[in-house]
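Structural characterization, general
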Amino acid sequence: MTVDTAVERLVRRDHAVTATAVAGVAALAWLYLLRLSGTTTSDMSAMGMVEQQPWTLLDGALAATMWAVMMVAMMLPAATPMILMFATLNRKRPAGAATPPVNISLFILGYLLTWAGFSLAAAGGQWGLRAMALYSDEAMTVAPVVGGTLLIASGLYQLTPLKYACLARCRTPLGFLMSEWRDGAKGALVMGVRHGIYCVGCCWVLMALLFVGGVMNLAWVAAIAAFVFLEKVLPGGKLLSWCTGALLAAWGVWVVSRAV
């Protein structure tokens, strides 16, 4: 067996193990969300989400955990092409490379750490909106004017150069890794974080739409997750963003006009 053949076998093994692990973690996250979405009003009260009572730090931590699990369920599948490309390049290190292949989980961890930071911000936003009586615990949605404003902002952001700059980095796994490559365990973690930053930059406003359709509305969650995935992998991703942006902005204007 030649060296190249042995490396290719290792790459295929890495892909199989990584894809299985990513699918398993995402499935567990979706199962958690499914269970959480089926909780009764009394269950929600037990978690501190009672409209008449102000949140405590524990309630905020629970909300942040909910957001973090939701981000794993929504974003980890969309990151799979990048993760598998990292697995390929990580294994196909040139002969005499300064460092051996690293654990692929470090790259994934860096990616999820970035989304964990977003989850903290989202939970903070939820807390603030709730304190201002702009968020309904029962429906888990914001007031119509706020929701319409979020729709307009999301639609306009879909048309901005920043959106396309971030989306371009997410749509080209090989280009991103070749330009951002760093050796060693720390390098893998940093690359994961940097990919996460671009991914957040691409999708953060779309995630804010969860406040419009319902933070625990799994149909809405799945729809946004599917759109994010398609936007990253379809050849016409930019056109899809433009069309969606126009629709979201028009929808937002309609919602605001009906609310005022």
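All figures in this text were calculated on a predicted structure; none of them were measured in a lab.

Conventions used here
- Residues numbered from 1 in each chain as written.
- Predicted model: local features only at pLDDT ≥ 70, side-chain atom pairs only at ≥ 80, totals over all residues.
- Heavy atoms only, no water.
- Phe/Tyr/Trp six-rings, centres within 6.5 Å; stacked < 30°, edge-to-face > 60°.
- Helix = DSSP H or I, 4+ residues; strand = E, 2+ residues; numbered from the N terminus.
- Buried < 20%, exposed > 50% of the residue type's maximum accessible area, 1.4 Å probe, protein only.
- Expected span 1.5 Å × (residues − 1).
- Salt bridge = Lys/Arg side-chain N within 4 Å of Asp/Glu carboxyl O.
- Axes fitted to C-alpha atoms, helices over the stretch in contact; angles between N-to-C directions.
- Parallel < 35°, antiparallel > 145°, perpendicular 65-115°, else oblique.
- Left-handed = near helix turned anticlockwise from the far one by under 90°.
- Contact = heavy atoms within 4.5 Å.
- Nonpolar A, V, L, I, M, F, W, Y, C, P; charged D, E, K, R; others polar.
- Disulfide = S-S within 2.5 Å.
- pLDDT = per-residue confidence, 0-100.
- Core = buried A, V, L, I, M, F, W, Y, C linked by side-chain atoms within 4.5 Å.

Taken as a whole, this structure holds 11 aromatic pairs when the rule is applied. Relative to Trp 204, the ring of Tyr 157 has its centre 5.6 Å away and its plane inclined at 65°; by these criteria the two rings are edge-to-face. Here Tyr 157 is found in helix H6 (residues 144–157), whereas its partner Trp 204 is found in helix H9 (residues 184–208), with 47 residues between them in sequence. Note on Tyr 157: relative accessible area 11%, which makes it buried. Taking relative accessible area as the criterion, Trp 204 reaches 39% and is therefore assigned partly exposed.

With that settled, the discussion passes to helix H11 (residues 218–233). The end-to-end C-alpha distance of H11 is 22 Å, a good match for the 22 Å that 16 residues give at a rise of 1.5 Å each. Among all positions in H11, only Leu 218, Val 221, Ile 224, Ala 225, Phe 227, Val 228, Glu 231 and Lys 232 are buried.

Attention now goes to the pattern of salt bridges. Here the structure, examined in full by the defined rule, presents 8 salt bridges. Between Lys 163 and Glu 231 there is a salt bridge; the shortest N-O distance is 3.0 Å. Here Lys 163 is found in helix H7 (residues 161–171), whereas its partner Glu 231 is found in helix H11, with 68 residues between them in sequence. Residue Lys 163 shares its accessibility class with Glu 231, and that shared class is buried. Across the pair Arg 182 and Glu 180 runs a salt bridge, and its minimum N-O distance is 3.2 Å. Each of Arg 169, Glu 180, Arg 182 and Arg 194 takes part in salt bridges that share partners, so that together they form one network.

Direction vectors running N to C along helix H3 (residues 57–75) and helix H5 (residues 104–131) enclose 135°, while the axes themselves pass 8 Å from each other. By the criterion of interaxial angle, the relationship of H3 to H5 is oblique. Considering the relative orientation of H3 and H5, their crossing is right-handed. Note on element contacts: H5 touches H3 through Tyr 111, Leu 112, Trp 115, Phe 118, Ser 119, Leu 120, Ala 122, Ala 123, Gln 126 and Trp 127, opposite Leu 57, Gly 60, Ala 63, Ala 64, Met 66, Trp 67, Ala 68, Met 71, Val 72 and Met 75. Partitioning the contact of H3 with H5 into residue classes produces 17 nonpolar, 3 polar and no charged.

Of note, Glu 180 is situated in helix H8 (residues 173–180). A residue is classified by how much of its surface remains accessible, and Glu 180, at 7% relative accessible area, is buried. Among all residues touching Glu 180, those that are not within four sequence positions of it are Arg 169, Met 191, Arg 194 and Tyr 198.

What follows is about the state of the cysteines. Throughout the structure, instances matching the rule amount to 0 disulfides. Looking at Cys 166, it has no disulfide partner, and the nearest cysteine sulfur is the one in Cys 202, 6.6 Å off. Cys 166 gets classed as buried once you look at its relative accessible area, which sits at 8%. Here Cys 243 stays free of any disulfide, with the sulfur of Cys 202 as its closest cysteine sulfur at 16 Å.

Our next topic: the confidence of the model for the protein. A low pLDDT means the predicted coordinates there should not be read in detail. For the protein, mean pLDDT is 88; residues scoring 70 or higher make up 91% of the total. Averaged pLDDT values over the elements of the protein bottom out at 46 in helix H2 (residues 41–46) and peak at 96 in H5. In the model, residues 44–51 has pLDDT below 50 throughout and makes 17 contacts with residues more than four positions away in sequence or in other chains.

Another point: the environment of Leu 234. The residue Leu 234 is located in the loop between H11 and helix H12 (237–259) in this model. In this structure the C-alpha to C-alpha distance between Leu 234 and Gly 196, which are 38 residues apart in sequence, comes to 20 Å. Beyond its immediate sequence surroundings of up to four residues, Leu 234 is in contact with Arg 171 and Leu 240.

Grouped together as the largest cluster of nonpolar side chains are 66 residues, with contacts concentrated most on Trp 67, Met 70, Met 71, Met 74, Met 75, Trp 115 and Met 207. Excluding residues within four positions of it along the chain, Met 74 makes contact with Met 207, Leu 210, Val 221, Ile 224 and Ala 225.

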